[in-house]
Amino acid sequence: MTKKTTKLPETGQWPDRVAPAVLVAGALLTTVGFLMAFLVVPPVGGAAVGGAELIGGSLISNKLLISQKIFFFHMPVAMVSFCALAFAAYYCVWFLVTREQRFDTCAKIAMEISLLFVVMTMITGEMWTRFEWGVWWTWEPRLTTYLVLMLIVIAYLVLRNMIDEPERRATFSAVIGIIAFVDVPICFMVTRLIPSSIHPVVVREGGMSPEMGLCVGVIMAGMLCVGFALYRLRFRQVRLEQRVEAVKELLED
Amino acid sequence: MNPILVEIYSTVIPSAPYLIAAYALLWAALLVYVLMIMRGTKRAEAQMRLLEEAVAEQASRSRSER
């Protein structure tokens, strides 16, 4: 009977060959999305004003909410953070199944990427919250579950620095990586499950016009490309560092 | 100025700093991560070059000893 060998992710494979083109595509798509958000998608109306005025061929009778433009990047980066966590959990499971350190490396990098996008989501969300709600922070269900998610991702990366033994470190990290992913559906569904949540749910409320949907789609595709390219760049760096360490050990022997 | 227009545009200027900060910080976070990767890669490549030189030196020394 032949033992089935697991194909390990490695640098120089097809993802690395397409990564530069994907990065350029990501930069282009996010730039197009940015321009669309400000030049194509009309501003969302807020509270009604005491009359109406003709602006750009449309009769406007509400306050124009320019702060809503933050949403066009806020939602896509949040979705990319969820995608990165899904990949991290996938590699965590693969590590627990195969005990191959390479999968642990992949999971660590995916977690880093997810932390980057979580931070970007938090920054954009905070700016919108401060202006629209008048506070920097509120213990609202979506914000709270997302904060918990961020803390789990940070805990994952802190834990990695605290354990020296690679096998133990990878096992504990894999478990935390899977727990972090469990928080993703909770985080996503919490505004639908708790009616008192004041966080906007645009998809459920049908609040997106076709132009808004297209703009969000373009930026999300762009951010997915950026996330993928960053993952491959970081993977290349980490593998190079691992090779340096391996050669150093050989020379010392 | 038309009071209705004033009311329609009343949130535009006050929200501008938050809007600009959101976009600027978002790209700054991405840029910082890219710079960290580039710095790390350059350092690792430099270390690899040094190791290659050390290996080549060791190989030539062992050849001359033989």
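Above this note sits the structure.
For clarity, every value in this text was computed on a predicted model and none was experimentally measured.

## Side note on the packing of helix α2 (residues 71–98) of chain A against helix α5 (residues 166–193) of chain A
Think of two packed helices as two axes; the pair is described by the angle between the axes and how far apart they sit. Residues and elements named next belong to chain A. Two elements in contact, α2 and α5, have axes whose closest approach is 8 Å; the angle formed by their N-to-C orientations is 140 degrees. As judged from the angle between their axes, α2 and α5 are oblique. The two elements α2 and α5 meet at a crossing, and its hand is left-handed. Touching Met79, Phe82, Leu85, Ala86, Ala89, Cys92, Val93, Phe95 and Leu96 of α2 are Glu167, Ala170, Thr171, Ser173, Ala174, Gly177, Ile178, Ala180, Phe181, Val184, Cys187 and Phe188, all from α5.

## Things to note about a nonpolar patch on the surface
On the surface, Phe34, Leu35, Phe38, Leu39 and Val40 of chain A cluster together into a nonpolar patch covering about 460 Å² of accessible area. Relative to the helices and strands, Leu35 of chain A is located in helix α1 (residues 14–39).

## Examining the packing of aromatic side chains
Residue and element names in this part refer to chain A. Applying the stated criterion across every chain yields a total of 17 aromatic pairs over all chains. Ring centres of Trp128 and Trp133 lie 5.4 Å apart, and the angle between their planes is 75 degrees; this geometry places the pair in the edge-to-face category. Looking at Arg192, its charged tip hangs above the ring of Phe188, at a distance of 4.6 Å from the centre.

## Some thoughts on the interface of chain A and chain B
Contacts between chain A and chain B engage 45 residues on the former and 35 residues on the latter. Interface area, chain A with chain B, both sides summed: about 3,600 Å², of which 78% is carbon and sulfur. Measuring nitrogen to oxygen at the nearest pair gives 3.4 Å for the salt bridge that ties Glu45 of chain B to Arg236 of chain A. Elements supplying a minimum of two residues to the side of chain A that touches chain B: α1, β1 (44–55), β2 (58–65), α2, α3 (101–132) and α7 (210–252) of chain A. It is α7 of chain A that provides the largest number of residues to the side of chain A that touches chain B, a total of 14 residues. Considered class by class, the residues forming the side of chain A that touches chain B number 28 nonpolar, seven polar and 10 charged.

Cut-offs and rules
Residues numbered from 1 in each chain as written. Chains lettered and ligands numbered in written order. Predicted model: local features only at pLDDT ≥ 70, side-chain atom pairs only at ≥ 80, totals over all residues. Heavy atoms only, no water. Axes fitted to C-alpha atoms, helices over the stretch in contact; angles between N-to-C directions. Helix = DSSP H or I, 4+ residues; strand = E, 2+ residues; numbered from the N terminus. Parallel < 35°, antiparallel > 145°, perpendicular 65-115°, else oblique. Left-handed = near helix turned anticlockwise from the far one by under 90°. Contact = heavy atoms within 4.5 Å. Patch = residues over 30% accessible without salt bridge, like charges linked within 9 Å, V, L, I, M, F, W, Y side chains within 5 Å. Areas by Shrake-Rupley, 256 points an atom, 1.4 Å probe, with all protein chains shown as cover. Salt bridge = Lys/Arg side-chain N within 4 Å of Asp/Glu carboxyl O. Phe/Tyr/Trp six-rings, centres within 6.5 Å; stacked < 30°, edge-to-face > 60°. Lys NZ or Arg CZ within 6 Å of the ring centre and 35° of its normal. Buried area = accessible area lost by both parts, 1.4 Å probe. Nonpolar A, V, L, I, M, F, W, Y, C, P; charged D, E, K, R; others polar.

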